Amino acid sequence: QVQLVESGGGSVQAGGSLKLSCVGSKKIFSRCGMGWFRQAPGKERELVSTISADGLATYAEPVTGRFTISQDIAKNAVYLQMNNLRTEDTAVYYCAAEEWVGYIGGCSWQYWGQGTQVTVSS
């Protein structure tokens, strides 16, 4: 079983920056991609950004232009550079890994980190 560990969260003023890191305990052989999700208190978990094994990135509209996802496949790592943070970005951020699941014939989010708190104050 792969374990993902996030780090880099903290408290920052609006307009500031943080970089989140996520490192897997071992290689996911059939990995489809990596991603970042976030969940604010009382809110549903939402997808923030994804990056495929080929390096193609996607971003949720609220973070487009402010956040950048990257990865180091050799290190089983994914990162999220967050710039120009807003109070609305306050949430627990989770990294996740998407793996090919043969019996469903597609990719599915299979591994999750423990979460790291990001708090943005005005």
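This one's a predicted model, so the numbers in the text were calculated from it and none came from an experiment.

Caption draft 1: Highlighting the pairing of strand β1 (residues 4-7). Residues L4 and E6 point to one face of β1 and are all buried, whereas V5 and S7, pointing to the other face, are not buried. Relative to strand β3 (residues 18-24), β1 is paired through four bridges, and the arrangement is antiparallel. Residue pairing for β3: V5 is matched across the bridge by V23.

Caption draft 2: Main features of the nonpolar core. L4, W36, F67, V78, L80, M82 and Y93 are the most contacted members of the largest nonpolar core, which has 25 residues in total. Residue assignment for this core shows that the elements contributing at least two residues are β3, β4 (31-39), β5 (46-52), β7 (67-72), β8 (77-82), β9 (91-101) and β11 (116-121). Here this core takes four residues from β9, the largest share from any one element.

Caption draft 3: A look at the pattern of salt bridges. All told, the structure shown has four salt bridges when counted by the stated rule. For R38, the salt bridge identified is with D89, shortest N-O distance 2.9 Å. One end of the pair, R38, is in strand β4; the other, D89, is in the loop between β8 and β9, with 51 residues separating them in the sequence. Exposure remark for R38: the relative accessible area of 6% places this residue in the buried category.

Caption draft 4: Molecular detail of the sheet that holds β1. Across the sheet, which stays open at both edges, the four strands sit in the order β1-β3-β8-β7 with antiparallel pairing between neighbours. The open sheet has two edge strands, β1 and β7, and neither has a second partner. Here the strands of the sheet are splayed against their neighbours by 15 degrees on average, with no regard to which way each runs. Where β7 meets β8, six bridges bridge the pair, whose relative direction is antiparallel. What sits directly across from T68, in β8, is Q81.

Caption draft 5: Representation of the state of the cysteines. Summed over all chains, the structure comprises two disulfides. Linked covalently through their sulfurs, C22 and C95 form a disulfide whose S-S length is 1.9 Å. For the disulfide bridge between C22 and C95, the dihedral angle about the S-S bond is near 55 degrees, and by the sign convention the bridge is right-handed. Taken as a pair, C22 in strand β3 and C95 in strand β9 lie far apart in primary sequence, 73 residues in all. In this structure, C22 and C95 share a single accessibility class: buried. The residue that forms a disulfide with C32 is C107, at a sulfur-sulfur distance of 2.0 Å. Its S-S torsion of about -80 degrees marks the bond between C32 and C107 as left-handed, since a negative value means left-handed. Here C32 is found in strand β4, whereas its partner C107 is found in strand β10 (residues 106-112), with 75 residues between them in sequence. The class of C32 is buried, set by a relative accessible area of 17%. The exposure class assigned to C107 is partly exposed, which follows from its relative accessible area of 37%. When the bonded cysteines of the protein are numbered from the N-terminus onward, they pair as 1-3, 2-4.

About the thresholds
Residues numbered from 1 in each chain as written. Predicted model: local features only at pLDDT ≥ 70, side-chain atom pairs only at ≥ 80, totals over all residues. Heavy atoms only, no water. Buried < 20%, exposed > 50% of the residue type's maximum accessible area, 1.4 Å probe, protein only. Helix = DSSP H or I, 4+ residues; strand = E, 2+ residues; numbered from the N terminus. Pairing = 2+ DSSP bridges. Core = buried A, V, L, I, M, F, W, Y, C linked by side-chain atoms within 4.5 Å. Salt bridge = Lys/Arg side-chain N within 4 Å of Asp/Glu carboxyl O. Axes fitted to C-alpha atoms, helices over the stretch in contact; angles between N-to-C directions. Disulfide = S-S within 2.5 Å.

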